[in-house]
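Report on the structure
Take a look at the letters that make up each chain.
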Amino acid sequence: MAERAAEHSFASAFPIPAHLIGQVQSRLAYVDEAIQTAAISEDGGTVRLELAGGLDAAALAALEAKVLQVVEEMAKGALPPKVEVLEDHMARPVPYAEDPMPELLARGEVSREHTGIYSLGPLVTRLIEAFERYFVELAAEFGAAPQRFPTLISAEKLDRVNYFRAFPHSLTFATHLREDLHVINDFAEHTHYEEAGLNAPPESFSRIQALLSPAVCYHYYFALADKPLPGGQLIATAVGHCFRYESSNLNTLERLWDFTMREVIFVGPADFVLENREGGRQKVAAFLERIGLAYLVESANDPFFVGEFRKQAAFQNAFQLKYEIRARLPFKDGSLAVGSYNYHQDFFGRHLNISLPDGKPAHTGCVAFGLERLAYAFLCQFGLDPAAWPAEIREVLA
Ligand code: 5GP
Ligand code: ZN
């Protein structure tokens, strides 16, 4: 019989600053396999965990020490970031205020296949197609070259751009059985799904050569690696599946293990990348105004893991490297990042040896949209009846 979950609360070594509560909380999901949910009190002083039952006092003390390590590494002495708001349309009136998930599930418009793995029916699919129609037009305005990228991504190349240091917690690995008759026969005869996983012994599997891709634009930088940048500047666009394992954070359409991202990607000198990122933002703002979406655009940081978090987040903040489009979720009085405007400086140019005509490393940036999140936020604001949707979207559907 499964053990019942037990609640466990304890005081943080020092108060967690308000601006970090969400970030620390989501990292706690990765601290110990016994943690089912983690919450931090509003004043940042108390950590509340729901734990799989059956931990003895020693295990509990070890778990608490790991939690406090995360709190300390992420929050101790952290200065509040300078939050820069580029657009604020949160107060735009929208016609809907319910949580669309129960109805989407009931109608079979969304089906949960597994944690973080969802299938989408015709309503959501058509809505995403309408957004895609716009994004393809947007990319065409930049003269972006269309690209198709694989779902798998090279472990060797990800290592070259330090991905394993920055985001180890969200990686998803691709493996296969070792090329060995006994291993393969054994697997075929004995493997079943049990206790939340396959029962095959770990040594049946090959070493990792590839992962499931966590982003779209990396493939483009890898394709441009180790040579001069053709023409000195490039713009491309692609849509692709992205994979970010989010542990117990994966329980609604807001966060998926497997989601799709549309990107417009800029590679060239710094001013070329920055001007295009800004031009992209202005074009997208005009589109979101036509739809009437309630959202804001503000500075943000990537979800770096504990060890890299403080340094990298401060760096992104200081150099205005990332802005997020956060759409309002009226039913919970919250917001959700549906897209981002990113500038990587010459990080990829240096690590991948992509050179400009003057011999310096290329700069890169991208405009990225999470398609499922955009559709979900739209449904939260406009509901499930297309008759009540903005004309801009209805025209595309027709
Ligand atoms: P970024 O590269 O800024 O982290 O991601 C770009 C966009 O992809 C985000 O703004 C968001 O819309 C989407 N995205 C990122 N992570 C997830 C996720 O876990 N689930 C879903 N559904 N979308 C995500
Ligand atoms: Zn990108």
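Procedures and definitions
Residues numbered from 1 in each chain as written. Chains lettered and ligands numbered in written order. Predicted model: local features only at pLDDT ≥ 70, side-chain atom pairs only at ≥ 80, totals over all residues. Heavy atoms only, no water. Helix = DSSP H or I, 4+ residues; strand = E, 2+ residues; numbered from the N terminus. Donors = N, O, S within 2.8 Å, 3.2 Å for Na, K, Ca; no water. Buried < 20%, exposed > 50% of the residue type's maximum accessible area, 1.4 Å probe, protein only. Near = heavy atom within 4 Å. Polar contact = N/O pair within 3.5 Å; in protein donor to acceptor, adjacent residues only side chain to side chain. Areas by Shrake-Rupley, 256 points an atom, 1.4 Å probe, with all protein chains shown as cover. Nonpolar A, V, L, I, M, F, W, Y, C, P; charged D, E, K, R; others polar. Salt bridge = Lys/Arg side-chain N within 4 Å of Asp/Glu carboxyl O. Core = buried A, V, L, I, M, F, W, Y, C linked by side-chain atoms within 4.5 Å. Domains from an automatic or database assignment. Contact = heavy atoms within 4.5 Å. Axes fitted to C-alpha atoms, helices over the stretch in contact; angles between N-to-C directions. Parallel < 35°, antiparallel > 145°, perpendicular 65-115°, else oblique. Left-handed = near helix turned anticlockwise from the far one by under 90°. Pairing = 2+ DSSP bridges. Phe/Tyr/Trp six-rings, centres within 6.5 Å; stacked < 30°, edge-to-face > 60°. Lys NZ or Arg CZ within 6 Å of the ring centre and 35° of its normal.

**A closer look at unusual backbone geometry**
Within the chain, Glu-195 stands out as a residue other than glycine whose phi angle is a positive 45°. Within the element layout of this structure, Glu-195 appears in the loop between β10 (193-194) and β11 (197-198). For Gln-345, which is not glycine, the phi torsion reads 50° and is therefore positive.

**Concerning the coordination of the zinc ion (ligand 2)**
Cys-217 (SG), Glu-263 (OE) and Cys-366 (SG) make up the full set of protein donors to the zinc ion (ligand 2), lying at 2.1 to 2.3 Å. Written as a sequence motif, the donor arrangement for the zinc ion (ligand 2) is C-x45-E-x102-C. Of this pair, Glu-263 sits in strand β15 (residues 258-268) while Cys-366 sits in strand β20 (residues 363-370); the two residues are 103 residues apart in sequence, bridging distant segments of the chain. Take Glu-263 and Cys-366: they sit in the same class, and that class is buried.

**A look at the site of ligand 1**
Every one of the 16 residues lining ligand 1 counts as a neighbour, but Arg-244, Leu-256, Lys-322, Ala-337 and Ser-340 are closest to it. Separating an oxygen atom of ligand 1 from a side-chain N or O atom of Lys-322 is a distance of 2.7 Å. Backbone polar atom of Gly-339 to an oxygen atom of ligand 1: 3.2 Å apart, as the coordinates give it. When isolated, ligand 1 has an accessible area of 490 Å², and the protein chains bury 93% of it. Contributions of two or more residues to the shell around ligand 1 are made by β15, β18 (334-343) and β20. Residues that form the shell around ligand 1 fall into these classes: seven nonpolar, three polar and six charged.

**Quick look at the pattern of salt bridges**
As enumerated under the stated definition, the model contains 16 salt bridges in all. For the salt bridge of Lys-332 with Glu-254, the shortest nitrogen-to-oxygen distance reads 2.9 Å. Linking Lys-332 in the loop between β17 (322-329) and β18 with Glu-254 in the loop between β14 (234-243) and β15, this pair joins segments that are 78 residues apart in sequence. Note that Glu-278 and Arg-281 form a salt bridge whose closest N and O atoms lie 2.8 Å from each other. One end of the pair, Glu-278, and the other, Arg-281, are both in helix α9 (residues 270-291), three residues apart, so they sit about a helical turn from each other.

**Section: the nonpolar core**
Inside soluble globular proteins, nonpolar side chains tend to come together where they are buried. In terms of nonpolar packing, the biggest core is built from 115 residues, with Val-67 and Tyr-218 touching the most fellow members. Sort the elements by how many residues they give to this core and helix α4 (residues 122-141) lands first, with ten residues. The residue makeup of this core includes at least three contributed by each of domain 1 (6-75) and domain 2 (85-150 + 217-397). For Tyr-218, the contacting residues outside a window of four places in its chain are Ile-153, Leu-158, Val-161, Tyr-163 and Phe-348.

**Focus on the packing of α4 against α9**
Packing of α4 against α9 brings their axes to within 11 Å, and their N-to-C directions diverge by 150°. Between α4 and α9, the angle is such that the two are roughly antiparallel. α4 and α9 meet at a crossing whose hand is right-handed. Mapping the contact onto sequence places Phe-131, Tyr-134, Leu-138 and Glu-141 in α4 and Lys-283, Val-284, Phe-287, Arg-290 and Ile-291 in α9. Split by residue class, the contact of α4 with α9 holds six nonpolar, no polar and three charged.

**Here we look at the environment of Tyr-193**
Here Tyr-193 is to be found in strand β10. On the accessibility criterion, Tyr-193 (51% relative accessible area) is exposed. If near-sequence neighbours (up to four positions away) are discounted, Tyr-193 is found in contact with His-114 and Leu-198.

**Brief notes about the pairing of strand β3 (residues 46-51)**
Alternating positions in β3 separate cleanly, Val-47, Leu-49 and Leu-51 being buried on one face and Thr-46, Arg-48 and Glu-50 remaining unburied on the opposite face. Note that strand β1 (residues 6-11) and β3 share six bridges and pair antiparallel. Bridge pairing in β3 places Ala-11 opposite Thr-46. Note that strand β2 (residues 35-40) and β3 share five bridges and pair antiparallel. Directly across from Ile-35, in β3, lies its bridge partner Leu-51.

**Details of the domain arrangement of the chain**
Assigned domains of the chain: these are domain 1 (6-75), domain 2 (85-150 + 217-397) and domain 3 (173-204). Taken over C-alpha atoms, the centre of domain 1 sits 34 Å from the centre of domain 3.

**What about the sheet that holds strand β9 (residues 173-174)?**
The strand order across the open sheet formed by three strands is β8-β12-β9, and the pairing between neighbours is antiparallel. Strands at the two margins of the open sheet, each flanked by one partner only, are β8 (152-154) and β9.

**Things to note about the packing of aromatic side chains**
Here the structure, examined in full by the defined rule, presents 20 aromatic pairs. Taking the centre distance of 4.9 Å and the plane angle of 50° together, the rings of Phe-315 and Phe-319 count as tilted. Taken together, the aromatic side chains of Phe-131, Tyr-134, Phe-135, Phe-287, Phe-369, Phe-378, Phe-382 and Trp-389 make up a single cluster linked through ring pairs. Its guanidinium or amino end placed over the ring of Phe-142, Lys-283 lies 5.4 Å from that ring's centre, counting from NZ or CZ.

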